[in-house]
Amino acid sequence: QLLNWDTTWQYIPFAYTYHDAWRTFFSTGSFPLYDFSTYLGTDAIGSNSYYGLFDPFVVVMAFFPRAWIPQMMAILTAFKIMVAVLLTRCYLRYMGIKEWTARFAALCAGLSGYVSFFVGFPSFVSAVVYVPMILWGIEKVIKERKPGILVWSLFLEGITSFFLLVVLCIFGVL
């Protein structure tokens, strides 16, 4: 079974849990804090945050029918890659790269082996979206002393995947 990675066994079942939790929240105002549907149960916030509980791309799935979740995972993964390509192009243009070269390099980054491999791990694809924003933000802080993009990109990465936030902060410092 080619491409039968964590998407099938972890992310899609968690997406159903997310969908139900967000639907409960939007309909009742109460967010379930513990979920008994996974093995012995899990803390809905701490455990599920690794898989992107507050990921803006995941929250979008709450507005679609539950039966669409596997298809929405595929569509949103493709959308994440498109957003990553667009943000990479913006970052490269900010760095002074010519338009055609920036477009080509951004497309190469979006279709790289790293991104292609991590299609099976959607939370890592979400991190790819924020990498160019973080780099762009670092450059803006260094050149213009404007921390806005850096703060927003780190905030988005933090609510999407705290695990990758630490890694990207270490990467940004180096």
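Just above, that's the structure.
This structure is a prediction, so every number in the text was calculated from the model and none was measured.

What counts, and at which threshold
Residue numbering note: each chain is counted from 1, following its sequence as written. Given that this is a predicted model, residues contribute local features only at a pLDDT of at least 70 and side-chain atom pairs are listed and counted only at 80 or more, while totals for whole chains, interfaces and linings are drawn from all residues. Side-chain figures throughout are based on the complete set of non-hydrogen atoms in the structure, without hydrogens or water. Salt-bridge detection follows one rule: a side-chain nitrogen of Lys or Arg within 4 Å of a carboxyl oxygen of Asp or Glu. Helix and strand assignments follow DSSP, with helices taken as H or I runs no shorter than four residues and strands as E runs no shorter than two, numbered in order from the N terminus. Burial classification: accessible surface area is computed with a 1.4 Å probe over protein chains only, and a residue below 20% of its type maximum counts as buried, one above 50% as exposed, and the rest as partly exposed. Any two residues whose heavy atoms approach within 4.5 Å at even a single point are treated as in contact. The span one expects for a helix is its residue count, reduced by one, times 1.5 Å. Definitions used throughout: a 1 Å grid over protein atoms alone; a cavity as a set of points that fits a 1.4 Å probe which cannot get out; a pocket as an open set with protein on both sides within 12 Å along at least five of seven lines; a lining residue as one with an atom within 4 Å of a point. Grid points are joined across faces, edges and corners, and a volume is the space filled by probe spheres set on the points. Throughout this entry, Asp, Glu, Lys and Arg are counted as charged residues, while Ala, Val, Leu, Ile, Met, Phe, Trp, Tyr, Cys and Pro are counted as nonpolar. The remaining residues, Gly among them, count as polar. For this analysis, a nonpolar core means a set of buried residues of the types Ala, Val, Leu, Ile, Met, Phe, Trp, Tyr and Cys, connected via side-chain atoms within 4.5 Å. Side-chain rings of Phe, Tyr and Trp (the six-membered ring for Trp) are treated as a pair once their centres are within 6.5 Å; stacked means planes under 30 degrees apart, edge-to-face means over 60, and tilted covers the remaining angles.

Chemist: Residue-level account of the pattern of salt bridges, with values.
Modeler: Overall, the coordinates contain eight salt bridges when judged by the stated rule. The closest approach of N and O atoms between Asp20 and Arg66, which form a salt bridge, is 2.9 Å. Note that Asp20 is positioned in helix H1 (residues 6-28) and Arg66 in the loop between helix H3 (56-59) and helix H4 (69-94), a separation of 46 residues in sequence. Taking relative accessible area as the criterion, Arg66 reaches 38% and is therefore assigned partly exposed. Among the salt bridges present, the one from Arg93 reaches Glu99, with a minimum N-O distance of 3.1 Å. Relative accessible area serves as the criterion here: at 35%, Arg93 is assigned to the partly exposed category. Residue Glu99 is classed as partly exposed on the basis of its relative accessible area of 24%. One continuous salt-bridge network, built from bridges that share partners, spans Arg89, Arg93, Glu99 and Arg103.

Chemist: Which residues make up the side chain of Glu139, and what values do they have?
Modeler: By secondary structure assignment, the location of Glu139 is in helix H7 (residues 122-144). Note on Glu139: relative accessible area 18%, which makes it buried. If we skip the residues at most four places from it in the chain, Glu139 touches Tyr91, Tyr94, Met95 and Glu144.

Chemist: An account of H1 is requested, with residue identities and associated values reported.
Modeler: With 23 residues, H1 extends 31 Å between its outermost C-alpha atoms, agreeing within 8% with the 33 Å of an ideal straight helix rising 1.5 Å per residue. Within H1, the full set of buried residues consists of Thr7, Tyr11, Ile12, Phe14, Ala15, Thr17, Tyr18, His19, Ala21 and Trp22. Looking at the buried residues of H1, the elements they touch are strand S1 (34-35), helix H2 (46-49), H3, H4 and H7. Downstream of H1 by one or two residues, Gly29 has phi in the positive range, about 85 degrees.

Chemist: Tell me about the layout of surface pockets, and name the residues and values.
Modeler: In this model, the second largest pocket occupies a volume close to 180 Å³. Residue lining of the second largest pocket: 14 residues in total, with Thr88, Ala109, Val128, Val131 and Pro132 positioned closest to the centre. Looking at the lining of the second largest pocket residue by residue, the classes come out as 11 nonpolar, three polar and no charged.

Chemist: Residues and numbers for the nonpolar core, please.
Modeler: If you look at the biggest cluster of nonpolar residues, it comprises 41 residues, and the most contacted ones within it are Tyr18, Trp22, Met61, Met73, Val129 and Tyr130. Counting only elements with at least two residues in this core, the list comes to H1, H3, H4, H7, helix H8 (148-160) and helix H9 (162-173). Discounting residues that sit within four places of it in the chain, Tyr18 has contacts with Asn48, Tyr51, Gly52, Leu53 and Val58.

Chemist: How would you summarise the packing of aromatic side chains if you had to cite specific residues and measurements?
Modeler: With the rule as written, the count across this model stands at 19 aromatic pairs. Between the aromatic rings of Trp22 and Phe31, the centroid separation amounts to 5.3 Å while the plane-to-plane angle is 65 degrees, which identifies the pairing as edge-to-face. Accessibility expressed as a relative area gives 10% for Trp22, which makes it buried. Judged by its relative accessible area of 17%, Phe31 falls in the buried class. Ring geometry for Phe57 and Phe79: centres 5.9 Å apart, planes at 65 degrees, overall edge-to-face.

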